[in-house]
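# Structure assessment
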Amino acid sequence: MAVPVLIIGAGIIGCAIARELSARGVHVQIIDDRPVAGGATQASAGILAPYIEAHDRGLLLDLGVRSLALYDDWIAAVSGDAGVPIEYRRPGTLEIALDADHAADLRRATSGGNPQWLDRDATCALEPALGSIEGALFVTTHGYVAAPELTAALARAAEHHGATFRRSRAERIERVSSHLRVVTASGAIDADRVVLAAGSWTGALAGDRWAAAPVRPVRGQLLQLGWQGPPVTRILWGPECYIVPRADGSLLVGATVEDVGFDERATAAGVRDLLDAACELLPQGWGATFMNVRVGLRPATPDDLPLVGEGETEGLVYATGHYRNGVLLAPLTARLVADLIVEGKRDPALEMLAPGRFASRT
Ligand SMILES: Cc1cc2nc3c(=O)[nH]c(=O)nc-3n(C[C@H](O)[C@H](O)[C@H](O)COP(=O)(O)OP(=O)(O)OC[C@H]3O[C@@H](n4cnc5c(N)ncnc54)[C@H](O)[C@@H]3O)c2cc1C
């Protein structure tokens, strides 16, 4: 018998959709050959900062702001369903200018979110660990979530509502009479609908003329440092790196942006560049404890917007290509996909996110 919905990919996007659909009473199966959150999601800094990520960038900013507005209630619901706490805080971001030109640019920024310009003294009064800076743009509504922890909670919440997980790699998707067949190394699974949430690996599976090509991997490396200096309480966003202060007192430092195909290695150059950038902001960084480096492949598209919605093949729904903002956009993506599958409701934003938008339809 065909499962109603099969989701390929147990990253934050696949798990968010699984939880949303199963909470609405749909039976869902998820397959992934990696553990939950084992792709880009495990490397994510989890920053929720639409007004920085999408300075003046139309639809991406709108989507980010919409999704951020869902976050408080979403975290409470997921945490309740899963029965586990999730590290989620909204301490605000300080977008830091190191010189007068950058300060002038930031002061002109019209990115919304009620940004407040702080001069050097006001910024350092908030964050005494900062070194030599010009000032900072403070957006109080921004925050972060522990992305792997959240994704594990989403998976657990989905299971609580009846979803099932299977460790398996999808090899191809075929249309077979009234349903779709996903062929895996351990047998075929028939499904009424398939949601493709395979992140950077989407292209290998899509087999769909419209959407096969555009998702490409962009490597990101992220460091975790044990911090012994004066407390850092807000997210610091410098010209060459960002720094996220975690509840355990450690700092996340990210992230490199590298076009190196499917290479998931951490490199000496990546670590060096991030340490240089972090210590430019926090001079005491050279004395920090090096805890670990994580690497992930961000699923990028030509216009930096995700692919969400129906593809060319009937029954196949895309939810991929979230590039630098998959954590921020997860609750909204889950809602848009569930509305589409359960109610046949097409949010107006789906038109701009259509998986076929890059294809020539001649
Ligand atoms: C260093 C770094 C920092 C980041 N920081 C932020 C941030 O601060 N804020 C933010 O919002 N975003 C951030 N991102 C981006 C964010 O992590 C991604 O957009 C998000 O994780 C994408 O989620 P996903 O579920 O689409 O992909 P993934 O997490 O990559 O999951 C895709 C899953 O699909 C599985 N899969 C693929 N092919 C198959 C197949 N054939 N069969 C079965 N399973 C398959 C993979 O194994 C994988 O588990 C960051 C990314 C990186 C790398």
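Residues numbered from 1 in each chain as written. Predicted model: local features only at pLDDT ≥ 70, side-chain atom pairs only at ≥ 80, totals over all residues. Heavy atoms only, no water.

## Regarding the packing of aromatic side chains
Enumeration according to the criterion identifies 4 aromatic pairs in this entry. Ring geometry for Tyr71 versus Trp74: centroids 5.3 Å apart, planes at 85 degrees, classification edge-to-face. Note that Tyr71 and Trp74 are positioned in helix α3 (residues 58-82) at a spacing of 3 residues, about one turn of the helix. Between the aromatic rings of Trp237 and Tyr242, the centroid separation amounts to 5.2 Å while the plane-to-plane angle is 35 degrees, which identifies the pairing as tilted. Here the aromatic cluster, defined as three or more aromatic residues joined through ring pairs, consists of Tyr71, Trp74 and Tyr88. (Phe/Tyr/Trp six-rings, centres within 6.5 Å; stacked < 30°, edge-to-face > 60°. Helix = DSSP H or I, 4+ residues; strand = E, 2+ residues; numbered from the N terminus.)

## A look at the environment of Pro214
Looking at where Pro214 falls in the secondary structure, it is placed in the loop between α7 (202-206) and β13 (216-226). Residue class for Pro214 comes out buried when judged on its relative accessible area of 11%. Sequence separation between Pro214 and Gly356 is 142 residues; the distance between their C-alpha atoms is 9.7 Å. Those residues in contact with Pro214 that sit more than four places away from it in its chain are Ala300, Thr301, Pro302 and Phe358. (Buried < 20%, exposed > 50% of the residue type's maximum accessible area, 1.4 Å probe, protein only. Contact = heavy atoms within 4.5 Å.)

## Section: the pairing of strand β7 (residues 135-139)
On a regular strand, each side chain points to the face opposite its neighbour's, so the side chains alternate between the two faces of the sheet. Burial runs high along β7: 5 of the 5 residues are buried. The alternating pattern of β7 places Gly135, Leu137 and Val139 on one face and Ala136 and Phe138 on the opposite face, and all of these are buried. As paired strands, strand β6 (residues 116-119) and β7 are joined by 4 bridges and run antiparallel to one another. Residue pairing in the sheet places Leu118 in a bridge with Ala136 of β7. (Pairing = 2+ DSSP bridges.)

## So, the sheet that holds strand β5 (residues 93-97)
Spatial strand order, β6-β7-β5-β14-β15-β16-β13-β17: 8 strands in an open sheet with mixed pairing. Since the sheet does not close on itself, it has two edges, and those belong to β6 and β17 (289-300), each with one partner. Pairwise comparison of adjacent strand axes, ignoring direction, gives a mean angle of 20 degrees for this sheet. Both β13 and strand β16 (residues 250-254) contribute to a ladder of 5 bridges, which runs antiparallel. Looking at the pairing, Gly226 lines up with Ser250 of β16. Sheet strands touched by helix α4 (residues 100-108): β5, β6 and β7. Its angle to β5, the strand with the most contacts, is close to 140 degrees. (Axes fitted to C-alpha atoms, helices over the stretch in contact; angles between N-to-C directions.)

## Here's the deal with the site of the ligand
Near the ligand you find 37 residues, and of these Asp32, Thr41, Ile47, Tyr323 and Arg324 are the closest. Between the ligand and Ile12, the relevant distance is 3.3 Å, taken from an oxygen atom to a main-chain nitrogen or oxygen of the residue. In this structure, Val327 approaches the ligand through a main-chain N or O atom, which is 3.0 Å from an oxygen atom. When isolated, the ligand has an accessible area of 1000 Å², and the protein chains bury 98% of it. Secondary-structure elements contributing two or more residues to the shell around the ligand are α1 (12-23), β2 (28-32), β17 and α9 (326-343). Take the shell around the ligand: its biggest share by element is 3 residues, from α9. Residue composition of the shell around the ligand, by class: 18 nonpolar, 13 polar and 6 charged. Two domains each put at least three residues into the shell around the ligand: domain 1 (3-84 + 147-213 + 302-358) and domain 2 (93-140 + 217-300). (Near = heavy atom within 4 Å. Polar contact = N/O pair within 3.5 Å; in protein donor to acceptor, adjacent residues only side chain to side chain. Areas by Shrake-Rupley, 256 points an atom, 1.4 Å probe, with all protein chains shown as cover. Nonpolar A, V, L, I, M, F, W, Y, C, P; charged D, E, K, R; others polar. Domains from an automatic or database assignment.)

## Some points on the domain arrangement of the protein chain
Looking at the assigned domains, one finds that the protein chain contains domain 1 (3-84 + 147-213 + 302-358) and domain 2 (93-140 + 217-300). Relative to domain 2, the C-alpha centre of domain 1 lies at a distance of 28 Å. Each partner contributes to the interface: domain 1 provides 21 residues, whereas domain 2 provides 26 residues. Across the domain 1 to domain 2 interface the summed buried area is about 2200 Å²; carbon plus sulfur atoms make up 62%. For domain 1, the biggest contributors to the area lost against domain 2 are Ile52, Ser200 and Tyr323; these three give 27% of the whole. Here Arg34 ties to Glu264 by a salt bridge, and the two come within 2.9 Å at their closest N and O atoms. Along the contact surface separating domain 1 from domain 2 lie 7 residue pairs in polar contact (both at pLDDT 80 or more). Per-element tally for the side of domain 1 that touches domain 2: the top contributor is helix α2 (residues 50-53), with 3 residues. (Buried area = accessible area lost by both parts, 1.4 Å probe. Salt bridge = Lys/Arg side-chain N within 4 Å of Asp/Glu carboxyl O.)

## What about α9?
Taking 1.5 Å per residue, 18 residues should reach 26 Å; α9 reaches 24 Å between its end C-alpha atoms and fits that length. Maximum bend of α9: about 35 degrees, positioned at Leu332. After α9 finishes, the residue Gly344 shows a positive phi value of roughly 65 degrees. (Expected span 1.5 Å × (residues − 1). Bend = angle between axes of the 7 residues up to and from the residue.)

## Structural notes on the side chain of Arg294
Looking at the element boundaries, Arg294 is found in strand β17. One buried charged residue, Arg294, remains without a salt bridge, the closest side chain of opposite sign being Asp248 at 7.9 Å. In this structure the side chain of Arg294 is engaged in a polar contact, spanning 3.4 Å, whose partner is the backbone oxygen of Gln42. Apart from the residues lying within four places of it in its own chain, the contact partners of Arg294 are Gln42, Ala43, Ser44, Gly220, Gln221, Leu222, Gln224 and Leu252. (Lys, Arg positive; Asp, Glu negative; His and termini not counted.)

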